[in-house]
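# What the coordinates show
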Amino acid sequence: IWFNQSTGEYGLVTPSPAPWVEPTAPSLYPNKTSGIVAFYNSYAASQTINIFCGDDEPITKGIPVSEGLDYTFSIYASKGGFTARNVTAKIKWYDRFGTYISTSSGSAVSDNTTSFSDSYRPYVTDTAPVDAYYACPGVSIASVGGTGSNEHHYFDAAQFELSSSVTEFRSEEHTSEL
């Protein structure tokens, strides 16, 4: 990333071709039509699915945080053409050694929509506990049908922020406005 001293702005590097329009991409590649990621149950029986970012190696893959500060994680959810399920946003907290401390959970929100909107945006807000160094945000999807159902749940626009409440989603396309 370069800095232009005369304009006081940083440059923006955009991938080409854009990953969501790549004609040779696999059929399940995110294309911004259903969401950036889809999750499904890989077992025959119905079960709750828990997905977290970085909890396998919180020191190298988690998000650095400071104890005592408020953080919010939010994500847009959609059932696509499948059965609506309750989705709960969560944050796992870890200390500086990567040892698990606790999990914060938001309220369950049904993903009963085929398009993303604020009404289907589960979130969790909490204060980082004492000794917290890393956060790993994630979601829990309740009672997802087994493999025979081929049930998928779609997510987009995840946002982890230093804030005591959910704010408007800001994509990289709008960072120059900050």
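Everything in this summary refers to the structure shown in the same document. (Residues numbered from 1 in each chain as written. Predicted model: local features only at pLDDT ≥ 70, side-chain atom pairs only at ≥ 80, totals over all residues. Heavy atoms only, no water.)

All right, on to the side chain of Q159 then. Mapping Q159 onto the fold places it in strand 12 (residues 152-161). The class of Q159 is buried, set by a relative accessible area of 9%. Engagement of the side chain of Q159 in a polar contact is seen with the side chain of E161, the distance being 3.0 Å. Among the polar contacts listed, one links the side chain of Q159 to the side chain of T167, at a separation of 3.3 Å. (Helix = DSSP H or I, 4+ residues; strand = E, 2+ residues; numbered from the N terminus. Buried < 20%, exposed > 50% of the residue type's maximum accessible area, 1.4 Å probe, protein only. Polar contact = N/O pair within 3.5 Å; in protein donor to acceptor, adjacent residues only side chain to side chain.)

Summarising the element assignment, G68 is placed in the loop between strand 5 (63-64) and strand 6 (70-78). With residues up to four places along the chain from it excluded, the contact list for G68 reads T127 and A128. (Contact = heavy atoms within 4.5 Å.)

For the rest of this paragraph, the subject is the pattern of salt bridges. This structure, assessed with the given rule, holds three salt bridges. A salt bridge links K92 to D55; the shortest N-O distance between them is 2.9 Å. With K92 in strand 7 (residues 86-94) and D55 in the loop between strand 4 (47-52) and helix 1 (58-61), this residue pair connects regions lying 37 residues apart in the sequence. Under the relative-accessibility criterion, K92 is labelled buried at 18%. Judged by its relative accessible area of 26%, D55 is partly exposed. Put simply, D56 and K61 hold a salt bridge, and the shortest N to O gap is 3.0 Å. Accessibility expressed as a relative area gives 45% for K61, which makes it partly exposed. (Salt bridge = Lys/Arg side-chain N within 4 Å of Asp/Glu carboxyl O.)

Turning our attention to the nonpolar core. Formed by 19 residues in total, the largest nonpolar core has its most connected members in V65, F73, W93, V139 and F155. Every element with two or more residues in this core is listed here: strand 4, strand 6, strand 7 and strand 11 (134-144). Setting aside chain neighbours within four positions, we find V139 in contact with I49, N50, I51, F73, I75, V87, T88 and F155. (Core = buried A, V, L, I, M, F, W, Y, C linked by side-chain atoms within 4.5 Å.)

With antiparallel pairing, four strands are arranged side by side in an open sheet as 3-12-6-10. The two strands at the open ends of the sheet, each matched to only one other strand, are strand 3 (37-40) and strand 10 (123-127). Geometrically, the sheet is characterised by an average inter-axis angle of 30° between neighbouring strands, direction not taken into account. Relative to strand 12, strand 6 runs antiparallel, the two sharing six bridges. Directly across from Y76, in strand 12, lies its bridge partner D156. (Pairing = 2+ DSSP bridges. Axes fitted to C-alpha atoms, helices over the stretch in contact; angles between N-to-C directions.)

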